[in-house]
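Below, each chain spelled out in residue letters.
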Amino acid sequence: MSAPGDVPSAILERLRSICRSLPETHEEPAWIGVRWRIRQRTIAHVYEAGPGRAPVRPGRPFTEAILLTFRVPADDLLGLTADGFPYFRADWGHNVAAAVLGDHTDWTEIAELLTDSYCEMAPKFLIARLPGLMVTDRQPQPARGRRQPGRGAAPRDR
């Protein structure tokens, strides 16, 4: 097991700030790195990829990188990961993506992605407590001014 110290403190603090804003989310040590959960469901997991635990991306493995995994609405996964770096599909789960974190990271986008991950895993009554989000019977819908799902994805015929 790695320790939270394996993830740079500046990255941990940014992620903590984002996850603290999500109702009833808690932080805990994971088998490697740190994860944030809503009840018993993981919404985000950050760790340092090293030898033996670095996922493979087409063309080369990630080594010595800080990786964040999170849930993505299944319809948005391809749109998020199609352009490649810093996003890719995790090699487990039907709706799990990962991001390589570093100086290039757009923290506003990470906050939006973690909010989406929360909406994938949290009960509806907690999702309803998020500011700027409207909840329907089917799924949470972005309020005006919030990022629309599927950015970067090609339009689909309906």
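In this report, the structure presented in the accompanying data block is examined. Because the structure is predicted, anything quoted here is derived from the model rather than measured. (Residues numbered from 1 in each chain as written. Predicted model: local features only at pLDDT ≥ 70, side-chain atom pairs only at ≥ 80, totals over all residues. Heavy atoms only, no water.)

**Quick notes on the pattern of salt bridges**
Step number 1: Scanning the entire structure with this criterion turns up five salt bridges.
Step number 2: The salt bridge involving R129 is made with E24; its shortest N-O contact spans 3.5 Å. Of this pair, R129 sits in the loop between α4 (124-127) and β9 (133-135) while E24 sits in the loop between α1 (9-20) and β1 (25-29), and the two are 105 residues apart along the sequence.
Step number 3: A salt bridge links R37 to E28; the shortest N-O distance between them is 3.2 Å.
Step number 4: Put simply, E13, R16 and E27 are held in one network by salt bridges that share partners. (Salt bridge = Lys/Arg side-chain N within 4 Å of Asp/Glu carboxyl O. Helix = DSSP H or I, 4+ residues; strand = E, 2+ residues; numbered from the N terminus.)

**Here's the deal with helix α3 (residues 107-121)**
Step number 1: Its 15 residues give α3 an end-to-end C-alpha distance of 21 Å, which sits within 8% of 21 Å, the value for a rise of 1.5 Å per residue.
Step number 2: The buried fraction of α3 amounts to eleven of the 15 residues, a majority that puts the element mostly inside the structure.
Step number 3: Those residues of α3 not exposed but buried are W107, E109, I110, L113, L114, T115, D116, S117, Y118, C119 and M121.
Step number 4: Between the side-chain oxygen of the N-cap and the backbone nitrogen of T108 there are 3.1 Å, and the N-cap of α3 in question is D106. (Expected span 1.5 Å × (residues − 1). Buried < 20%, exposed > 50% of the residue type's maximum accessible area, 1.4 Å probe, protein only. Polar contact = N/O pair within 3.5 Å; in protein donor to acceptor, adjacent residues only side chain to side chain.)

**Topic: the pairing of strand β6 (residues 65-71)**
Step number 1: Of all seven residues that make up β6, seven are buried, and the element is covered over most of its length.
Step number 2: Along β6, one buried face is formed by A65, L67, T69 and R71 and the opposite face, lined by I66, L68 and F70, is buried too.
Step number 3: For strand β3 (residues 41-49) and β6, the ladder comprises six bridges, and the chain directions are antiparallel. Note on β6: the bridge partner recorded for V46 is L68.
Step number 4: Here β6 pairs with strand β8 (residues 96-101) via six bridges, running antiparallel. For T69, the partnering residue across the bridge sits in β8 and is A98. (Pairing = 2+ DSSP bridges.)

**Considering the nonpolar core**
Step number 1: In this structure, L15, V46, F70, L101 and I110 are the most contacted members of the largest nonpolar core, which totals 34 residues.
Step number 2: The element contributing the most residues to this core is α3, with seven residues.
Step number 3: Setting aside anything within four residues of it in sequence, one finds V46 in contact with V7, I11, L12, L15, I32, G33, V34, W36, I66, L67, L68 and L101.
Step number 4: I32, Y47, A98 and V100 belong to the second-largest nonpolar core, a separate cluster that totals eight residues. (Core = buried A, V, L, I, M, F, W, Y, C linked by side-chain atoms within 4.5 Å. Contact = heavy atoms within 4.5 Å.)

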